[in-house]
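Structural description and commentary
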Amino acid sequence: VSSLSPWNVSSTNVSRTHHRVHVDERTSSASFCTFLRTTEEEEARMDAGESAAKGRPADAEAELRALAIDGDVGGDGEVIKRKEQAIAATVESLAARGDAEGLRRLMHELRPLYAKIAKAKTAKIVRQVIDAIAKIPGTKQLQVEVCKEQAEWARSEKRTFLRQRIEARLVNLYLETKEFTAALELIQKLLMEVKRLDDKLLLVDIHLLESRIHHALRNLPKAKAALTAARTAANSIYVPPATQSSIDSQSGVLHAEEKDYKTAYSYFFEAFEQQSTLDDPRAILSFKYMLLSKIMCNQADDVANIISSKGGLKYQGVDVDAMQAVATSYTKRSLHEFERSLRDYDAQLGQDPIIQNHLNSLYNTLLEQNLCRLIEPYSRVEIAHLAQRIELPEKQVEVKLSQMILDKVIDGTLDQGAGCLIIFDEIPPNSLYPEAIDTMKNMEGVVASLFRKSEKLAA
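Residues numbered from 1 in each chain as written. Predicted model: local features only at pLDDT ≥ 70, side-chain atom pairs only at ≥ 80, totals over all residues. Heavy atoms only, no water.

One can find Asn 370 in helix α20 (residues 353–375). Polar side-chain contacts of Asn 370 include one of 2.9 Å to the side chain of Arg 373. Not counting the four nearest positions on each side in its chain, Asn 370 is found in contact with Arg 333, Leu 335 and Ile 390. (Helix = DSSP H or I, 4+ residues; strand = E, 2+ residues; numbered from the N terminus. Polar contact = N/O pair within 3.5 Å; in protein donor to acceptor, adjacent residues only side chain to side chain. Contact = heavy atoms within 4.5 Å.)

What follows concerns the sheet that holds strand β2 (residues 412–415). Read across the sheet, three strands follow the order β1-β3-β2 without closing on themselves; strand pairing throughout is antiparallel. The sheet is open, and its two edges are formed by β1 (380–382) and β2, each paired on a single side. In this sheet, neighbouring strand axes are inclined to one another by 20° on average, regardless of whether the strands run parallel or antiparallel. Here three bridges tie β1 to strand β3 (residues 420–423), and the two strands are oriented antiparallel to one another. (Pairing = 2+ DSSP bridges. Axes fitted to C-alpha atoms, helices over the stretch in contact; angles between N-to-C directions.)

Before going further, it helps to examine the side chain of Arg 104. Along the polypeptide, Arg 104 turns up in helix α4 (residues 100–109). Accessibility expressed as a relative area gives 17% for Arg 104, which makes it buried. Within polar-contact distance, the side chain of Arg 104 engages the side chain of Glu 149 at 2.4 Å. The residues contacting Arg 104, other than those within four sequence positions of it, are Leu 142, Glu 145, Val 146 and Glu 149. (Buried < 20%, exposed > 50% of the residue type's maximum accessible area, 1.4 Å probe, protein only.)

Packing of helix α13 (residues 261–277) against helix α14 (residues 283–296) brings their axes to within 8 Å, and their N-to-C directions diverge by 160°. On the basis of their axis angle, the class for α13 and α14 is roughly antiparallel. Our pair here, α13 against α14, has a crossing hand that is left-handed. Packed against α13, whose contacting residues are Tyr 261, Ala 264, Tyr 265, Phe 268, Phe 269, Ala 271, Phe 272, Gln 275 and Ser 276, the element α14 presents Ala 283, Ser 286, Phe 287, Tyr 289, Met 290, Ser 293, Lys 294 and Met 296 at the interface. Counted by class, the contact of α13 with α14 contains twelve nonpolar, four polar and one charged residues. (Parallel < 35°, antiparallel > 145°, perpendicular 65-115°, else oblique. Left-handed = near helix turned anticlockwise from the far one by under 90°. Nonpolar A, V, L, I, M, F, W, Y, C, P; charged D, E, K, R; others polar.)

On to the nonpolar core. Counting residues in hydrophobic clusters, the biggest one holds 57 residues, and the most contacted among them are Leu 103 and Val 171. Broken down by element, this core gets its largest block of residues, eight residues, from helix α8 (residues 160–176). Listed in part, the 52 residues of the second largest apolar core include Ala 300, Leu 359, Leu 366 and Ile 423. (Core = buried A, V, L, I, M, F, W, Y, C linked by side-chain atoms within 4.5 Å.)

Before going further, it helps to spend a moment on the pairing of β2. Both β2 and β3 contribute to a ladder of four bridges, which runs antiparallel. Across the sheet, the residue bridging to Gly 412 is Ile 423, located in β3. Linking β2 back to β3 in an antiparallel pair, the connection comprises four residues, with Gly 419 at a positive phi of about 70°.

In this section: the packing of helix α6 (residues 119–134) against α8. Close contact between α6 and α8 brings their axes to 11 Å; oriented N to C, the two are set at 15°. Between α6 and α8, the crossing angle belongs to the class labelled roughly parallel. As α6 runs across α8, the sense of the crossing is right-handed. Side by side, α6 and α8 meet where Thr 122, Ala 123, Val 126, Ile 130, Asp 131 and Ala 134 of the first sit next to Leu 162, Ile 166 and Arg 169 of the second. Residue classes in the contact of α6 with α8 are distributed as six nonpolar, one polar and two charged.

Overall, the coordinates contain seven aromatic pairs when judged by the stated rule. Members of the aromatic cluster, connected to one another through ring pairs, are Phe 272, Phe 287 and Tyr 315. Taking NZ or CZ as reference, Arg 333 lies 4.5 Å from the ring centre of Tyr 330, over its face. (Phe/Tyr/Trp six-rings, centres within 6.5 Å; stacked < 30°, edge-to-face > 60°. Lys NZ or Arg CZ within 6 Å of the ring centre and 35° of its normal.)

A word on the pattern of salt bridges. Per the stated rule, a full pass over the model turns up 21 salt bridges. Glu 84 is the salt-bridge partner of Lys 121, the closest N and O atoms lying 3.0 Å from each other. Residue Lys 121 is located in helix α6, and its partner Glu 84 is located in helix α3 (residues 77–97); the two are separated by 37 residues in the primary sequence. The salt bridge partner of Asp 99 is Arg 97, with a shortest N-O separation of 3.6 Å. Look at Arg 97 and you get partly exposed, because its relative accessible area is 45%. Where salt bridges share partners, they join Glu 101, Arg 104, Glu 145 and Glu 149 into one cluster. (Salt bridge = Lys/Arg side-chain N within 4 Å of Asp/Glu carboxyl O.)

As a further point, take the confidence of the model for the protein chain. Summarising the model, the protein chain shows a mean pLDDT of 84, and 83% of its residues fall at 70 or more. Contacts from residues 1–46, a stretch scored under 50 in pLDDT, to residues over four places away or in other chains number 19 contacts. (pLDDT = per-residue confidence, 0-100.)

Of the residues making up helix α21 (residues 383–390), those classed as buried are Ile 383, Leu 386, Ala 387 and Ile 390. For α21, the arc enclosing every buried residue in end-on projection is 100°, short of the 170-degree limit, so these residues lie on one face. Those residues of α21 hidden inside the fold are in contact with α18 (335–344), α20, β1, α22 (394–406), β2 and β3. Immediately downstream of α21, the backbone of Glu 391 shows phi near 60°, a positive value. (Arc of directions from axis to C-beta.)

Here you go:
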């Protein structure tokens, strides 16, 4: 009976409970010690990989790659963080060696890991690897292939958010490689998808890309329409400063195409200020466009003041020197200095299609001004003499003179048999015909007034 006493039963249960607690504590302690040992091992492997990267890059990459790919994350945040660090170190090491194919292989090897981590972290890793490939020179085509592969994978995994951003990146690559047809086809599909999802920020980026593509194809009305659509989408959301600077820069480019250089300068200035604040590498390009706008609107004397300003001193270098050389040659109205500037700074001036297009227009303007100054004293002058004075090939001068005659800059004709330019005398304007037309219009008004009065009298 005493053994069945409630007190004894309770004591027995309590003792068993205490025993289980002690066992659970020992088990938890053992698990915690195992976790610490695992974390310490991963830290040791990570440190070993980073230290080996300085002396033995191949061994370091193998160690870091194994840490990034092998093992199960098991939903543990610390393990995922360690793997992210290992992936970042591997990407940095491969990019430093210029191993673009190695980065491409890494993208495929990491796909099993993507299924175990958050989608946002997956997007971050994919973007990080593609950015690393982009930093390696001469990899445009490889970037296109990688983006296509990742877009297909994202489509098969139904990761719409990631796929749309990869495809937007692919459109930008198509634009840089001048595959305009492929870019337009892909961007039209993207626009339909993103409009249905109502992703305003991505929609702004896509409309900006569309505007740049149409501008590259010299389709200015469609470029302006796409830019207007981008502005409309941007008005309803918060737009990051980098995106806003892109909108301002594209606005400046389109205004410059319409020869409205003063408005273009104000847009480029806004873009430059935002990019300079963000330490964006595109700031130097906006600064060059600012200087170009000043030159194109006959304010080349202001270029030196802008360059020596607080904002301009930060970007002193060969790009700014190139624009200053162009401004100096334009101020002197010297074709030879202008041509020498184009030759000496071909990498800075000739590689940018926007700058090249406007400088070609500026060169034609300078050539016309110099020819008009040479022709002014003559009523008949040999083309060979003009070519000798301006130090250009005779054929080039002849072609330019024929263009100026067709554009009615010069009132004359070319005598190709004699090799001469004949300037016509200025004919005073005959006001007889305009005055006769004005008289007829006034008579028409008088007759109409009399007709209305006669209708009132008849009524």
